[in-house]
Amino acid sequence: MKFGIQVNVYGVTWDEIARSINAMEAGPWHSLWFADHFFPPWGGPKGQRESEHRPAFEGYTMAAVAAGMTSKLRLGHLVLGNTYRNPALLAKMATSLDQASKGRFTLSLGAAWCEREHYGFGWKFPTMRERSDRFEEACKLIRTLFTTEGPIDFRGRYYWADQLQMSPGCYQKPHIPILVGGTGERRTLRTLAKYGDVMNLDGWAGQGVSLEIFRHKVEVLERHCERAGRDPAEIRRTILMPIVVGDDAAAQEEATSLMKRTGEGTMVGSRQQVVDGIGALIDEGVDEIMFGNIPTGNVEEIQRIEQEIVAAFD
């Protein structure tokens, strides 16, 4: 079983981020993940912007820096926003980082959602339908670039490429894995079935990460795979899991607050409750869990989760 951590890059210092990276590299962790926002995405679209003056480190830069600090951790994002970067350029960035890290990069991409962030940086914020269309087209283009040895021509509605070739290409074979962010049942899981390699159930999305929710999303994905002529076994299943471990009063208060944001399926409770919950998800086919809600820079908490949770699955 594989475990990772989503290291928070908002409202923290670089030294705190570095402490988390170094602690994970020294521990039993498999993967390190960053988010992709340019200021803390907690304010509303046009108001409640008090959080925007707080520090926010750019996620792709953090992954590149982390690649130079580590030798075993896999690296990725949960997830990059498609509207923030041209997908052909992103493919070039991905193959460069994959080569530099000797095959430790996963390209994770979502349709993007933060309206305020687009306006703040002067970008167009398309409708949900257009963002979904752009996202599917971007995944098609990126997968084509990853899997084609020679130059390609690509003509889409939103993106195009003229005799474009990735050189160097992917270090990993057959190619860099593509994690499709989100589990929207009509569009996102269809895009995953057609162009993705990794499914991720996002525990911050407000629906929780219960066994029932996971099982339902997998069933929907399998139906899309059947229509797309894809073997669903080719797609790894992962979960971003906000976590609180403990049964004292402080832990219970934190757990209550967290579940108001994330849904009842979030993994909170005593060590045994969390271990049992994770075990049930593993039995259902989850290949990797990325923990969220571990304070950035808190080495003692990282090590506590290693000892109380990760060690139970050695």
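Look up a bit, the structure's there.
Student: Please clarify how the side chain of Glu 130 should be interpreted in this entry.
Tutor: By secondary structure assignment, the location of Glu 130 is in helix 5 (residues 128–147). Classification of Glu 130 by relative accessible area gives buried; the value is 15%. Apart from the residues lying within four places of it in its own chain, the contact partners of Glu 130 are Lys 124 and Tyr 158.

Student: What exactly am I supposed to notice about the packing of helix 1 (residues 14–26) against helix 10 (residues 299–308) here?
Tutor: Contact geometry for helix 1 and helix 10: axes closest at 9 Å, N-to-C directions at 30°. Considered as vectors, helix 1 and helix 10 are oriented roughly parallel to each other. Judged by the sense of rotation from one axis to the other, the crossing of helix 1 with helix 10 is right-handed. Residues Arg 19, Ser 20 and Ala 23 of helix 1 lie in contact with helix 10, whose contacting residues are Val 299, Ile 302 and Glu 306. When the residues that make up the contact of helix 1 with helix 10 are grouped by side-chain class, the tally is three nonpolar, one polar and two charged.

Student: Looking at this model, I keep getting lost on the pairing of strand 7 (residues 160–164). Mind explaining?
Tutor: Residues in a regular strand project their side chains so that they alternate between the two faces of the sheet. Here strand 6 (residues 152–155) pairs with strand 7 via three bridges, running antiparallel. Paired with Arg 155 across the two strands is Trp 160, which belongs to strand 7. Two successive antiparallel strands, strand 6 and strand 7, enclose a turn made up of four residues.

Student: Looking at this structure, how should I read the nonpolar core?
Tutor: Buried together is how nonpolar side chains tend to be arranged in soluble globular proteins. Ranked by internal contacts, the top residues of the largest apolar core, which has 79 residues, are Trp 29, Phe 34 and Phe 291. Here this core takes seven residues from helix 5, the largest share from any one element. If near-sequence neighbours (up to four positions away) are discounted, Trp 29 is found in contact with Phe 3, Gly 4, Ile 5, Met 24, Lys 72, Leu 73, Phe 291, Ile 302, Ile 305, Glu 306 and Val 310. With six residues, the next largest nonpolar core counts Trp 33, Leu 78, Val 198 and Leu 240 among its residues.

Student: Quick question: what am I supposed to make of the packing of aromatic side chains here?
Tutor: Two aromatic rings are characterised by how far apart their centres lie and by the angle between their planes. Throughout the structure, instances matching the rule amount to eleven aromatic pairs. Between Tyr 119 and Phe 125 the ring centres are 6.4 Å apart and the planes differ by 65°, which places this aromatic pair in the edge-to-face class. Through a chain of ring-to-ring contacts, three or more aromatic side chains come together here, namely Phe 38, Phe 39, Tyr 84, Phe 121 and Trp 123.

Thresholds applied
- Residues numbered from 1 in each chain as written.
- Predicted model: local features only at pLDDT ≥ 70, side-chain atom pairs only at ≥ 80, totals over all residues.
- Heavy atoms only, no water.
- Helix = DSSP H or I, 4+ residues; strand = E, 2+ residues; numbered from the N terminus.
- Buried < 20%, exposed > 50% of the residue type's maximum accessible area, 1.4 Å probe, protein only.
- Contact = heavy atoms within 4.5 Å.
- Axes fitted to C-alpha atoms, helices over the stretch in contact; angles between N-to-C directions.
- Parallel < 35°, antiparallel > 145°, perpendicular 65-115°, else oblique.
- Left-handed = near helix turned anticlockwise from the far one by under 90°.
- Nonpolar A, V, L, I, M, F, W, Y, C, P; charged D, E, K, R; others polar.
- Pairing = 2+ DSSP bridges.
- Core = buried A, V, L, I, M, F, W, Y, C linked by side-chain atoms within 4.5 Å.
- Phe/Tyr/Trp six-rings, centres within 6.5 Å; stacked < 30°, edge-to-face > 60°.

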